[in-house]
Amino acid sequence: MSKIGITTTIPVEVIFAAGETPVDLNNIFITHPDPGEMVRNAEEKGLPRTLCSWVKGIFSAIIANPDIDTIIAVTEGDCTNTLAMLDLFRSKGIEVIPFAYPYNMNRDTLNENIRKLEAYFGVSRKQTLEMKTKLDGIREKALLIDRMTYEDNTISGLENHISLISLSDFEGDPDGYEKKLDLLISKAKSREPFRHATRIGFCGVPTIFSDLYGFLENNKARVVFNEMQRQFAMPYKTDNILDQYLNYTYPYSFKRRIKDTKEESQKRQLTGLIHYVQSFCHHQIHDRELRESADIPVLTLEGDKPEKLKERTRIRIESFLEMLSLGT
Amino acid sequence: MQYYMGIDVGSLSTDGVLIDGDKNIIKSIILPTGASIKKTISRCRDELLLTDDGGKIEPVAVVATGYGRKRVEFADHILTEITAHALGARHLFPETRTVIDIGGQDTKVIYLDEKGRVADFAMNDKCAAGTGRFIEVMARILELDLEEMADIAINAGESVEITSTCTVFIESEIISLIADTHKIDSIASGVFRSIAGRIISMVSNVSGKSPFTFTGGVAKNRGMVDAIRKTLQGDIFVPDDPQVTGALGAAIFALIHVKG
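Remember, it's a predicted structure, so these values are computed and weren't measured experimentally.

Caption draft 1: Representation of the sheet that holds strand β1 (residues 3-9) of chain B in the model. All names here are of chain B. The strand order β3-β2-β1-β4-β5 describes an open sheet built from 5 strands, whose pairing is mixed. Each end of this open sheet is capped by a strand with a single partner; those strands are β3 (25-32) and β5 (77-78). Of the pairings in the sheet, the one linking strand β2 (residues 13-20) to β3 comprises 7 bridges and is antiparallel in character. When the sheet's bridge partners are listed, S13 is paired in β3 with P32. Sheet strands touched by helix α8 (residues 245-258): β1, β2, β3, β4 (61-65) and β5. Its angle to β1, the strand with the most contacts, is close to 140 degrees.

What follows is the structure in structure tokens.
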């Protein structure tokens, strides 16, 4: 059975309602036994060194998975390289369906774009909404895990990250994924709370470093807020698909993400923020805006290739945690 | 008398400072780190704690900083360079609001609040352009020693603009400039100005403000100090021995926090 590749969160309700299986290509890339090899492969096939490793990883994920014959590419509201990649995928014989989050948040435009997606997959709005109800139930469980992260302190930052980020495609199997969440909830309920003194918020794009969360926890700090990942859980309750994808902050103005980060920083009593930026990614432009707006100290980390934290980056994190622990 | 020791194990040099209970510097030492960090650390301690009559001082506490801080087995506490340089600079110049530290392989800008606590900092992460090693490489290409390079840069009538941002590319850019018959003194001045430009960007990133204190081994280079003074707006202090500021901060931390 063919799979539908996605490059970021899209109205996945439509895909499931059509009986198809979505696969987040980012997850295929980063969970590969050797994601560095996938980046190298893409470079050998001609993608430039000065291109985001996530894009190169996505490219290799498609090449390595011939069962993915269709991709939904977000042409507005995500990576600025997508349009060029779209041509590249088409040249490889892969069907590409464009989808756009309108930057001006125009409700009619978003409605029209979702309708086009529904039409492609032969799905009615009613079917989309029925699937939304089912998926919202699973998202609720992921949001419970999120609350357990910062209220009960029984979920680690990495568990939080994985639980939320996988909601882009529900690992292609909503029922199976729900069981995984249930298991984690039940396991965490019998745990003693983590006692890390420093509460960190993580914002930006998902990190390409494989050991960041663990390194923080070994240094008496824990991530209790994963900003973008939480958005994948559609944290604002809605009864229609348009409000859901208009409230979702990631594709629109960065100011809404800053507002969300500030509100959650206060609610979760964060001591500091880590803003992760990816080398050669347009999101780096937002760094200054976030640093100037945040009410708590911000450490900006930049990652390029999939790898463990290098010594210099570890020193910067240790310095940041020391700064927070000595008080600013 | 009670003594406190700070040791800063850097990539190029290992520096030690011994202070008394009134924060007076009793002795300081700078050694090349070399390939055997362990031996250098031991030597630094032994020489620093040796008294004039051949005896040995027993410090109340030892705090280690620098990239090799975790290798100092006899340390009571370890501290990052950010905190160490902030404490050292603030002790020497209490009005300091921003510390600029340029070491062998890294550059740091540390912004302090009114009370002298670290409020923000920036460090070079992926690139060595603008560090002490970078200046050494540039001096070699210009066939000058560091002193000569500083002298001619200070007295240069003009500065050549250097546009590359990578050490390797700057090297080839400078070779091209020499081939284009640009004057060596204006190229040397351009090198220092390009580093100062990077510093300004880092200062801006942390919202740094005057007064500035310039620390680290590169602050001994008069050409670099001159370029910073010509580029940055505000008061700039340079310690008499800027290279030991981190070790001094570590010693002060030992006095205040470890056995204070």
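Caption draft 2: Structural detail: helix α8 (residues 157-165) of chain A. Residue and element names in this part refer to chain A. In terms of burial, α8 is a largely internal element, 7 of the 9 residues being buried. For α8, the full list of buried residues reads G157, E159, N160, H161, S163, L164 and I165. Residues of α8 that are buried sit in contact with α2 (25-30), α7 (125-152), α9 (174-189), α10 (212-218), β6 (221-226) and α11 (227-231).

Caption draft 3: Looking closely at the nonpolar core. In this structure, I72, F89, F99, Y101, L110, F121 and I317 of chain A are the most contacted members of the largest nonpolar core, which totals 98 residues. Residue contributions to this core peak at 7 residues, all from α7 of chain A. The contacts of L110 of chain A, once residues within four sequence positions are left out, are F99, A100, Y101, P102, L242, Y245, L246 and Y252 of chain A. Formed by 40 residues, the second largest nonpolar core is a distinct cluster that contains I102, F134, A153 and A227 of chain B.

Caption draft 4: Fine view of the interface of chain A and chain B. Across the contact, 19 residues belong to chain A and 24 residues belong to chain B. Viewed at the interface, chain B and chain A are joined by 4 salt bridges. The partner of D106 of chain B in a salt bridge is R312 of chain A, with the nearest N and O atoms 3.6 Å apart. The tally of links between chain A and chain B comes to 7 residue pairs in polar contact (both at pLDDT 80 or more). Looking at the side of chain A that touches chain B, the elements with two or more residues in it are α14 (287-293), β8 (298-303) and α15 (311-326) of chain A. It is α15 of chain A that provides the largest number of residues to the side of chain A that touches chain B, a total of 11 residues. Looking at the side of chain A that touches chain B, its residues break down into 6 nonpolar, 5 polar and 8 charged.

Caption draft 5: Spatial organisation of the pairing of strand β8 (residues 118-123) of chain B. Here β8 of chain B lies mainly inside the structure; 5 of its 6 residues are buried. Where strand β7 (residues 107-112) of chain B hands over to β8 of chain B, the hairpin turn is made up of 5 residues, of which G116 of chain B adopts a positive phi near 90 degrees.

Caption draft 6: View of unusual backbone geometry. Geometrically, the link from S210 of chain B to P211 of chain B is a cis peptide bond, its omega value of 0 degrees lying close to zero. Phi at N153 of chain A is positive, roughly 60 degrees, even though this residue is not glycine. Note that N153 of chain A resides in the loop between α7 and α8. A relative accessible area of 15% places N153 of chain A in the buried class. Despite not being glycine, M234 of chain A shows a phi value in the positive range, around 50 degrees. As for its placement among the helices and strands, M234 of chain A is situated in the loop between α11 and α12 (241-247).

Caption draft 7: Fine view of the side chain of D78 of chain A. All names here are of chain A. Looking at where D78 falls in the secondary structure, it is placed in the loop between β3 (68-76) and α5 (82-91). One buried charged side chain, D78, makes no salt bridge at all; its nearest oppositely charged neighbour is R257, positioned 8.0 Å away. Among the polar contacts listed, one links the side chain of D78 to the side chain of Y250, at a separation of 2.8 Å. For D78, the residues in contact, after removing those within four places along its chain, are T7, T8, Y250 and H282.

Caption draft 8: A look at helix α13 (residues 254-267) of chain A. All names here are of chain A. The end-to-end C-alpha distance of α13 is 20 Å, a good match for the 20 Å that 14 residues give at a rise of 1.5 Å each. Three or more residues of α13 are buried, namely F254, R257, I258, D260, T261, E264 and S265. Here the buried residues of α13 occupy an arc of 165 degrees about the axis, which is enough to place them on one side. When the buried face of α13 is taken as reference, the exposed residues oriented beyond 90 degrees from it are K255, K259 and Q266. Taken together, the buried residues of α13 touch β5 (198-204), β6, α11, β7 (272-278) and α14. Q269, located one to two residues past α13, shows a positive phi value of around 50 degrees.

Caption draft 9: Region of interest: the sheet that holds β8 of chain A. All names here are of chain A. Pairing within the open sheet is parallel, and its 4 strands lie in the order β6-β5-β7-β8. The sheet terminates laterally at β6 and β8, the two strands that pair on one side only. Neighbour to neighbour, the strand axes of the sheet diverge by 30 degrees on average, direction disregarded. Bridge count for β5 against β6 is 5 bridges, and the pairing is parallel. Bridging from a neighbouring strand, R199 pairs with R222 of β6. The strands touched by α15 within the sheet are β5, β6, β7 and β8, with β8 carrying the most contacts at an inclination of about 170 degrees.

Caption draft 10: Examining the environment of L309 of chain A more closely. Residues and elements named next belong to chain A. Its location among the elements puts L309 in the loop between β8 and α15. Classification of L309 as buried rests on a relative accessible area of 4%. In this structure the C-alpha to C-alpha distance between L309 and L212, which are 97 residues apart in sequence, comes to 6.8 Å. Residues within four places of L309 in sequence aside, it is in contact with F209, D211, L212, F215, R314 and I317.

The rules behind the values
- Residues numbered from 1 in each chain as written.
- Chains lettered and ligands numbered in written order.
- Predicted model: local features only at pLDDT ≥ 70, side-chain atom pairs only at ≥ 80, totals over all residues.
- Heavy atoms only, no water.
- Pairing = 2+ DSSP bridges.
- Helix = DSSP H or I, 4+ residues; strand = E, 2+ residues; numbered from the N terminus.
- Contact = heavy atoms within 4.5 Å.
- Axes fitted to C-alpha atoms, helices over the stretch in contact; angles between N-to-C directions.
- Buried < 20%, exposed > 50% of the residue type's maximum accessible area, 1.4 Å probe, protein only.
- Core = buried A, V, L, I, M, F, W, Y, C linked by side-chain atoms within 4.5 Å.
- Salt bridge = Lys/Arg side-chain N within 4 Å of Asp/Glu carboxyl O.
- Polar contact = N/O pair within 3.5 Å; in protein donor to acceptor, adjacent residues only side chain to side chain.
- Nonpolar A, V, L, I, M, F, W, Y, C, P; charged D, E, K, R; others polar.
- Lys, Arg positive; Asp, Glu negative; His and termini not counted.
- Expected span 1.5 Å × (residues − 1).
- Arc of directions from axis to C-beta.

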